[in-house]
Amino acid sequence: MRPSSKTQTDGSVRRRVAGGAATAVLGLTMALGGGGAAPAVAADSAELSGVVLGVGADETQRTVTWYSTADTAQQLQVAPTATVTDGGFPADAATFAATGGANIASSGGFNRHATVTGLKENVEYSYRVGSEGNWSKTYTFRTRDFEGDYDFLFLGDPQIGSSGDAQKDGAGWADTLKVATEANPDAELLVSGGDHVESANDEKQWTSFLGPDQLRQVPLAATIGNHDVGGKAYEQHHFTPNTDRSDAYYDKDAATRSGGDYWFIHKDVLFIDINSNAQSDTKDAQHVDYITDVIKKHGSEAKWKVLVYHHSIYSPASHSYDQGNKDRRKDFTTAFSDLGIDMVLQGHDHSYSRSYAIKNGQKADPTEQPGQAEVYPGPGGVIYVTANSASGSKYYDIKKPDNSGTGVQGNGPDPLNPDNFWFNSVENQEHVRSYVRVKVRSDKLVLENVRSGTCATPNPAVDNGNVPCSNPDRPVGSVVDKVTVHPYNGDGQSLQVNVPDAAPGEFGWTIDGYNGLVDLGTATERDGDHFEAAGKINPLRVTDSRRSLAPWSVSANVSDFQDAGKKFSGSYLGWKPYVLNGGAGAKAASAVASGYDDKGAGLSVSRGLASAEQGHPRGEARLGADLDLKIPDSVAKGSYRATLTITALSS
């Protein structure tokens, strides 16, 4: 008897998995599956509405929030769109269990949210919410490169319902989103300035606000405004990452508590969004503490620091004289300068303004000219931007300076432009809708205020006769203001280098040599009741040069041993794996006994040879194993052969 084993392939064939698209798909499946997959649930008849795509903690995440008429177990299901066929999600689509609770609003119902994790770059994903047998429509979003330049769009005060006609306000809001996203198809975020609706608990207004499909396609970084705090609807519609919901940021009345300070990182920008409705010396100090803590822990992870909150402290119009905003100037501006904030985005005043570079509550450079297109804020210089209405539901007119001077709380005139407040480089109100486009570049921020409407409809405040349109000749897409903000790089010289994507690398294995046959020789009879033979597999050479440093494993199983019509089970073969030459993080698997010894399955089922964990070093390893064959002496004489099938898995 000459039992032998043979590998499935010879050494001339290299088994490999490229570090490109195939790896990405596998990696998604693993990451998403580990992020909260939930078992399927029974079908229910809950009606689902108000689906909105939000930001996650970073560019690898998205949060989805929705309403349900029934308190049932629900899920968020996600898959690469390329794997969705005729509306059917693949069996391995990632699922994330939803959480939420009963709505605290007159509308009743329930809110749900779930967060997608483990997204990959440059993939279009499809998603739906609900449960088996009762899914919502399918929506899509696309991820982009996780490094490098990108644009986001800042949208001020849609305040649906404030014109007195929520339907018209919704039409204006929808048109701005349509115009803005069509003009900027690669914009990666929508950032709101707050006041999504006129009345916090009016779900008809929320339905109008959430109507545009762009809110299911591009993640929205929501900001809470003063019109959003009369109930819980804001945070029921918008679940935000890294949120501090401590008392400091809320009214203590549970009926009006909604929203909190939160932060997230998108590529090179650390966004910090605060609930400026909580305002007093104490609460402002606590906001500053929160911002300070976030920057201390995460400031080094991004090149830019952008704050977002509703109440514009350098507003040019109706709210410019609000004492609360003057108090925020006192409480915030020096801290923002000290913390290295680059830009503050705000709403509330339904008009557009761009401040001079402000340092410690004063104009940083007295020589900065009104409307200057290139700005170098220097150390501590912060640019404050107020967005105009994105829906056209309400506009506030520009106010004139008074004689209160240029102190921290002063509203005096700009010495270089006496018609403007001393703090504003640009002030604008034409009674047409607009949005702010921010281009994030490695060495600058480029900010543009762009008209998204004209005097023509939908322009509800004008349509309703509330205000006249003052600039009828400027087309949609024309630019109101543009400024390039250059960072302060210290007193020395800055150095910068762009590093391209590394070669993707690959994972692979091959038999070390060209001998595909392992000859175990002639088995020796032992103890009068069985035969034994031993040998070694031909070593396997594993290489892994992928920069993902993803885990890998190699396993094998053996077929039955056969000689013409005679055979015995592969379970009689056992092995003891080892690593001949370390590298690529290789660790040998546990030994497997011959089934003759333990009555087990031996190598007749897949057994590990070696593996490496996530984060292992790149490199090469040689793997081997001692073979141990024990068969009962009842097996007929013959020359038997079997096939050892080797499987490599990587993610």
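The structure displayed is predicted, hence computed values, not measured ones.

Thresholds applied
Residues numbered from 1 in each chain as written. Predicted model: local features only at pLDDT ≥ 70, side-chain atom pairs only at ≥ 80, totals over all residues. Heavy atoms only, no water. Salt bridge = Lys/Arg side-chain N within 4 Å of Asp/Glu carboxyl O. Helix = DSSP H or I, 4+ residues; strand = E, 2+ residues; numbered from the N terminus. Buried < 20%, exposed > 50% of the residue type's maximum accessible area, 1.4 Å probe, protein only. Disulfide = S-S within 2.5 Å. Axes fitted to C-alpha atoms, helices over the stretch in contact; angles between N-to-C directions. Parallel < 35°, antiparallel > 145°, perpendicular 65-115°, else oblique. Left-handed = near helix turned anticlockwise from the far one by under 90°. Contact = heavy atoms within 4.5 Å. Nonpolar A, V, L, I, M, F, W, Y, C, P; charged D, E, K, R; others polar. Polar contact = N/O pair within 3.5 Å; in protein donor to acceptor, adjacent residues only side chain to side chain. Phe/Tyr/Trp six-rings, centres within 6.5 Å; stacked < 30°, edge-to-face > 60°. Lys NZ or Arg CZ within 6 Å of the ring centre and 35° of its normal. Expected span 1.5 Å × (residues − 1). Arc of directions from axis to C-beta. Core = buried A, V, L, I, M, F, W, Y, C linked by side-chain atoms within 4.5 Å. Pairing = 2+ DSSP bridges. Bend = angle between axes of the 7 residues up to and from the residue.

## Side note on the pattern of salt bridges
Then, in step 1: Summed over the entire model, instances satisfying the criterion amount to 28 salt bridges.
Then, in step 2: With a shortest N-O distance of 3.0 Å, Arg 441 and Asp 151 are connected by a salt bridge. Of this pair, Arg 441 sits in strand E27 (residues 434-441) while Asp 151 sits in strand E12 (residues 150-155); the two residues are 290 residues apart in sequence, bridging distant segments of the chain.
Then, in step 3: With a relative accessible area of 16%, Asp 151 lands in the buried category.
Then, in step 4: Through salt bridges with shared partners, a single ionic network connects Arg 437, Lys 439, Glu 448 and Lys 482.

## Quick notes on the state of the cysteines
Then, in step 1: By the definition in use, this model includes 1 disulfide.
Then, in step 2: Here Cys 455 engages in a disulfide with Cys 469; their sulfurs sit 1.7 Å apart. Here the disulfide of Cys 455 and Cys 469 is left-handed, its torsion about the S-S bond being about -70 degrees. Of this pair, Cys 455 sits in the loop between strand E28 (444-451) and helix H8 (460-463) while Cys 469 sits in the loop between H8 and strand E29 (479-485), placing them 14 residues apart in sequence.

## Observations regarding the packing of helix H6 (residues 281-298) against helix H7 (residues 323-338)
Working note: a packed helix pair is described by the angle between its axes plus the distance between those axes.
Then, in step 1: Close contact between H6 and H7 brings their axes to 10 Å; oriented N to C, the two are set at 20 degrees. Considering the angle they form, H6 stands roughly parallel to H7. Here H6 runs over H7; the crossing is right-handed. Along the contact surface, H6 presents Asp 281, Asp 284, His 287, Val 288 and Ile 291, while H7 presents Asp 327, Arg 328, Lys 330, Asp 331, Phe 332, Ala 335 and Phe 336.
Then, in step 2: Classifying every residue of the contact of H6 with H7 by side-chain character gives 5 nonpolar, 1 polar and 6 charged.

## Remarks on unusual backbone geometry
Then, in step 1: Here the amide bond leading from Thr 457 into Pro 458 is cis, since omega sits at -5 degrees, within 30 degrees of zero.
Then, in step 2: Positive phi outside glycine occurs at Asp 527, with the angle close to 55 degrees.
Then, in step 3: Secondary-structure assignment places Asp 527 in the loop between strand E32 (524-526) and strand E33 (530-536).
Then, in step 4: Positive phi, close to 60 degrees, is recorded for Lys 599, a residue that is not glycine.
Then, in step 5: Using a relative accessible area of 73% as the deciding quantity, one classes Lys 599 as exposed.

## Here we look at the environment of Ser 389
Then, in step 1: By the element assignment, Ser 389 lies in the loop between strand E23 (383-386) and strand E24 (413-414).
Then, in step 2: For Ser 389, a relative accessible area of 0% gives the class buried.
Then, in step 3: Taking the C-alpha atoms as reference points, Ser 389 and Arg 433, 44 residues apart in sequence, are found 5.7 Å from one another.
Then, in step 4: Apart from residues no more than four positions distant in its own chain, Ser 389 is found in contact with Gly 156, Asp 157, His 350, Lys 394, Tyr 395, Arg 433 and Ser 434.
Then, in step 5: Engagement of the side chain of Ser 389 in a polar contact is seen with the backbone nitrogen of Gly 392, the distance being 2.8 Å.

## A look at the side chain of His 431
Then, in step 1: Mapped onto the elements of the fold, His 431 is located in the loop between strand E26 (424-428) and E27.
Then, in step 2: Judged by relative accessible area, His 431 falls into the buried class, the value being 5%.
Then, in step 3: Polar contacts involving the side chain of His 431 include one to the side chain of Asp 397, which spans 2.7 Å.
Then, in step 4: A distance of 2.2 Å separates a polar atom in the side chain of His 431 from the backbone oxygen of Pro 468.

## Brief notes about the packing of aromatic side chains
Then, in step 1: Across all of its chains, the model carries 22 aromatic pairs by this definition.
Then, in step 2: Here the aromatic rings of Tyr 127 and Phe 141 are separated by 5.7 Å at their centres, their planes lie at 50 degrees, and the arrangement is tilted. Here Phe 141 lies in strand E11 (residues 139-142) and Tyr 127 lies in strand E9 (residues 124-131), a separation of 14 residues in the sequence.
Then, in step 3: Consider the rings of Tyr 314 and Tyr 384, whose centres lie 4.9 Å apart with planes at 80 degrees: the pair is edge-to-face. Taken together, the positions of Tyr 314 in the loop between strand E17 (304-311) and H7 and Tyr 384 in strand E23 put the pair 70 residues apart, joining distant regions of the chain. The same class applies to Tyr 314 as to Tyr 384, namely buried.
Then, in step 4: Clustering of aromatic rings is evident, with ring pairs tying together Tyr 314, Tyr 321, Tyr 384, Phe 421, Trp 422 and Phe 423.
Then, in step 5: Sitting over the face of the ring of Tyr 356, Lys 363 holds its NZ or CZ atom 3.7 Å from the ring centroid.
Then, in step 6: It is Lys 599 that lies over the ring of Tyr 596; its NZ or CZ is 5.8 Å from the centre.

## So, H6
Then, in step 1: The terminal C-alpha atoms of H6 lie 26 Å apart, and with 18 residues this matches the ideal 26 Å at 1.5 Å per residue to within 8%.
Then, in step 2: All buried positions along H6 are accounted for by Asp 284, His 287, Val 288, Tyr 290, Ile 291, Val 294, Ile 295 and His 298. The arc enclosing the buried residues of H6, seen along the axis, measures out at 155 degrees, which places them on a common side. Opposite the buried face of H6, at more than 90 degrees from it, the exposed residues are Asp 281, Thr 282, Asp 289, Lys 296 and Lys 297.

## Some words on the nonpolar core
Generally speaking, soluble globular proteins have nonpolar side chains that are buried together.
Then, in step 1: Judged by nonpolar contacts, the single largest core of 58 residues is most densely connected at Phe 152, Phe 271, Ile 272, Ile 291, Phe 336, Ile 341 and Tyr 384.
Then, in step 2: The contact partners of Phe 271, leaving out residues within four places of it in the chain, are Tyr 150, Phe 152, Leu 189, Val 191, Tyr 262, Trp 263, Phe 264, His 266, Val 306 and Val 308.
Then, in step 3: Val 518, Trp 552, Val 554 and Ala 642 belong to the second-largest nonpolar core, a separate cluster that totals 37 residues.

## Quick word on the environment of Gly 50
Then, in step 1: Turning to its location among the elements, Gly 50 is positioned in strand E3 (residues 48-55).
Then, in step 2: Given a relative accessible area of 24%, Gly 50 falls into the partly exposed group.
Then, in step 3: Residues Gly 50 and Tyr 384 lie 334 residues apart in sequence; the distance between their C-alpha atoms is 32 Å.
Then, in step 4: Discounting chain neighbours no more than four positions away, the residues touching Gly 50 are Thr 65, Trp 66 and Leu 210.

## Quick word on the sheet that holds E23
Then, in step 1: Sheet architecture is open: 7 strands sit in the order E15-E16-E17-E18-E23-E19-E26, paired in mixed fashion. Pairing within the sheet leaves two strands with one partner each, and these edge strands are strand E15 (262-266) and E26. In this sheet, adjacent strand axes meet at a mean angle of 15 degrees when their direction is disregarded.
Then, in step 2: The sheet contacts of H6 involve E15, strand E16 (269-273) and E17, and relative to E16 the element is tilted by about 160 degrees.

## Concerning H7
An α-helical turn contains 3.6 residues, so a residue and the one three or four places further along point in the same direction.
Then, in step 1: If you check H7, its first and last C-alpha atoms are 24 Å apart, about what 16 residues at 1.5 Å a residue would give, namely 22 Å.
Then, in step 2: At Phe 332, H7 shows its strongest bend, of approximately 35 degrees.
Then, in step 3: Three or more residues of H7 are buried, namely Asn 325, Lys 326, Asp 327, Arg 328, Arg 329, Asp 331, Phe 332, Thr 333, Ala 335, Phe 336 and Ser 337.
Then, in step 4: Looking at the buried side of H7, the elements it contacts are H6, E17, strand E18 (343-347), strand E20 (358-359) and E23.
Then, in step 5: Once H7 finishes, Gly 340 follows within two positions and takes phi at roughly 75 degrees, a positive value.

By themselves, these are just geometric observations and shouldn't be taken as functional.
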